[in-house]
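Descriptive analysis of the structure
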Amino acid sequence: MRNAKKYAHLGFSYDLVIFPDNRTKRNIMKSISNLCHFFDIQYDTILHEKWTQWLRHKKLSWKHNSRSNSFNLLKKVNTNQIIDQVRNNQSEYRIFIKFLLVSGLRTSEAIRAFNEHEHICDGKITEMFWDRKNKKANAVYCHPELHEKIINCGYKIKDRGLRKYCNQKELGCEMRMLRKINYTLVVEQTSESLAKFMQGRTGDVSQRLYYLPMMKNNHKKWQKIWKELI
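The model shown is predicted, which means the values in this text are computed figures rather than measured ones. (Residues numbered from 1 in each chain as written. Predicted model: local features only at pLDDT ≥ 70, side-chain atom pairs only at ≥ 80, totals over all residues. Heavy atoms only, no water.)

Thr79, Ile82, Ile83 and Val86 are the residues of helix H6 (residues 79–87) that are buried. The arc enclosing the buried residues of H6, seen along the axis, measures out at 100°, which places them on a common side. Facing away from the buried side of H6, by more than 90 degrees, are the exposed residues Asn80 and Gln81. (Buried < 20%, exposed > 50% of the residue type's maximum accessible area, 1.4 Å probe, protein only. Helix = DSSP H or I, 4+ residues; strand = E, 2+ residues; numbered from the N terminus. Arc of directions from axis to C-beta.)

Okay, structure coming up:
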């Protein structure tokens, strides 16, 4: 609804056609599509059908290839500068920002893991094994010192605070970039299969028997990556 109010004027317009081809454009298209569908139901129109025809006519696709090679990430962004900015962050959510970086979780997963931390983490490994459609969260490392800070921080992560303290100005990059930086650094110090497992890219319940012992054996090596940050 927020996007629909803000961007509805772009519907059926040339401004939408030349809009930068990014995720925001897909969210705008989806919002307008939902708005058209609402009008169809409410007023018995065929606006949604006209909308999809217009998209095809203008060759606007719902698909957006935003994949990037994480191994080449260090060549594109100054990761040291971003890590320094995270380290020196003095906002109320500074503990969560560090957790977001060292865990490598998606934002929604990190929020839940942070808010429920004392129930799912033993101070070294945070076991989740959550599954939502095509996205998984298996298990990730946790730094013992950061673990204590999370348990004793005395607050829960809320959307309002997230927008205020975890924006691009505070982090030096978009939140999703922290996940890519995490993967790049972890894969260099441990192994690709383990890094993928912690990012939820592979593994199922039966593979806990393989990956969890492997994580315990590599925990000290992982701690060295984030020693200065914590």
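Phe96, Phe99, Met215 and Trp226 are the most contacted members of the largest nonpolar core, which totals 52 residues. For this core, the element with the most residues is helix H7 (residues 94–103), which contributes seven residues. Excluding residues within four positions of it along the chain, Met215 makes contact with Ile125, Ala139, Val140, Tyr141, Leu194, Phe197 and Met198. (Core = buried A, V, L, I, M, F, W, Y, C linked by side-chain atoms within 4.5 Å. Contact = heavy atoms within 4.5 Å.)

Here we come to the side chain of Asn115. Assignment of secondary structure puts Asn115 in helix H8 (residues 107–115). Within polar-contact distance, the side chain of Asn115 engages the backbone nitrogen of Ile157 at 2.8 Å. Not counting residues within four places of it along the chain, the set of residues in contact with Asn115 comprises Lys156 and Ile157. (Polar contact = N/O pair within 3.5 Å; in protein donor to acceptor, adjacent residues only side chain to side chain.)

A word on helix H13 (residues 175–189). Between the first and last C-alpha of H13 there are 22 Å, a value that for 15 residues agrees with the 21 Å anticipated at 1.5 Å per step. Regarding H13, the residues found buried are Leu178, Arg179, Ile181, Asn182, Tyr183, Thr184, Leu185, Val186 and Val187. (Expected span 1.5 Å × (residues − 1).)

Turning to the packing of H6 against H13, a few remarks are in order. Following both chains from N to C, one finds H6 and H13 inclined at 115°, their axes separated by 11 Å at the closest point. Regarding H6 and H13, the two cross each other, and that crossing is left-handed. For the pair H6 and H13, the contacting residues are Thr79, Ile82, Ile83 and Val86 in the first and Leu178, Ile181 and Leu185 in the second. For the contact of H6 with H13, the residue count by class is six nonpolar, one polar and no charged. (Axes fitted to C-alpha atoms, helices over the stretch in contact; angles between N-to-C directions. Left-handed = near helix turned anticlockwise from the far one by under 90°. Nonpolar A, V, L, I, M, F, W, Y, C, P; charged D, E, K, R; others polar.)

On to the state of the cysteines, then. Tallied over the entire structure, the rule returns zero disulfides. Cysteine Cys173 remains unbridged, with the sulfur of Cys166 as its closest cysteine sulfur at 11 Å. Residue Cys173 is classed as buried on the basis of its relative accessible area, which comes to 6%. (Disulfide = S-S within 2.5 Å.)

Relative to the helices and strands, Ile150 is located in helix H10 (residues 144–152). Residue classification places Ile150 among the buried residues on the basis of a relative accessible area of 4%. Residues Ile150 and Phe114 lie 36 residues apart in sequence; the distance between their C-alpha atoms is 7.1 Å. When residues no more than four places from it in sequence are discounted, the contact partners of Ile150 are Ile95, Phe99, Phe114 and His117.

The subject of this paragraph is the pairing of strand S2 (residues 135–141). A regular strand carries its side chains on alternate faces of the sheet. For S2, the buried fraction is high: five of the seven residues fall into the buried class. Here strand S1 (residues 125–132) runs beside S2; their pairing, made up of six bridges, is antiparallel. Note on S2: the bridge partner recorded for Ile125 is Tyr141. (Pairing = 2+ DSSP bridges.)

With that settled, consider the pattern of salt bridges. Per the counting criterion, the structure on display carries seven salt bridges. For Glu109, the salt bridge goes to Arg106, with nearest N and O atoms at 2.6 Å. Looking at Glu109, the relative accessible area reads 5%, which means it is buried. For Arg106, a relative accessible area of 14% corresponds to the buried category. Residue Lys196 is joined to Glu192 by a salt bridge in which the shortest nitrogen-to-oxygen separation is 3.3 Å. Of this pair, Lys196 and Glu192 both sit in helix H14 (residues 192–198), four residues apart, which is roughly one turn of the helix. Looking at Lys196, the relative accessible area reads 33%, which means it is partly exposed. (Salt bridge = Lys/Arg side-chain N within 4 Å of Asp/Glu carboxyl O.)

Judged by side-chain charge, Arg2, Arg160, Arg163 and Lys164 come together as a positively charged surface patch. Considering each element in turn, the positive patch owes the most residues, three residues, to helix H11 (residues 159–165). When you line up the elements, Arg160 lands in helix H11. (Patch = residues over 30% accessible without salt bridge, like charges linked within 9 Å, V, L, I, M, F, W, Y side chains within 5 Å. Areas by Shrake-Rupley, 256 points an atom, 1.4 Å probe, with all protein chains shown as cover. Lys, Arg positive; Asp, Glu negative; His and termini not counted. Charge placed at Lys NZ, Arg CZ, Asp CG, Glu CD.)

Treat this as a map of the structure, not an account of what it does.
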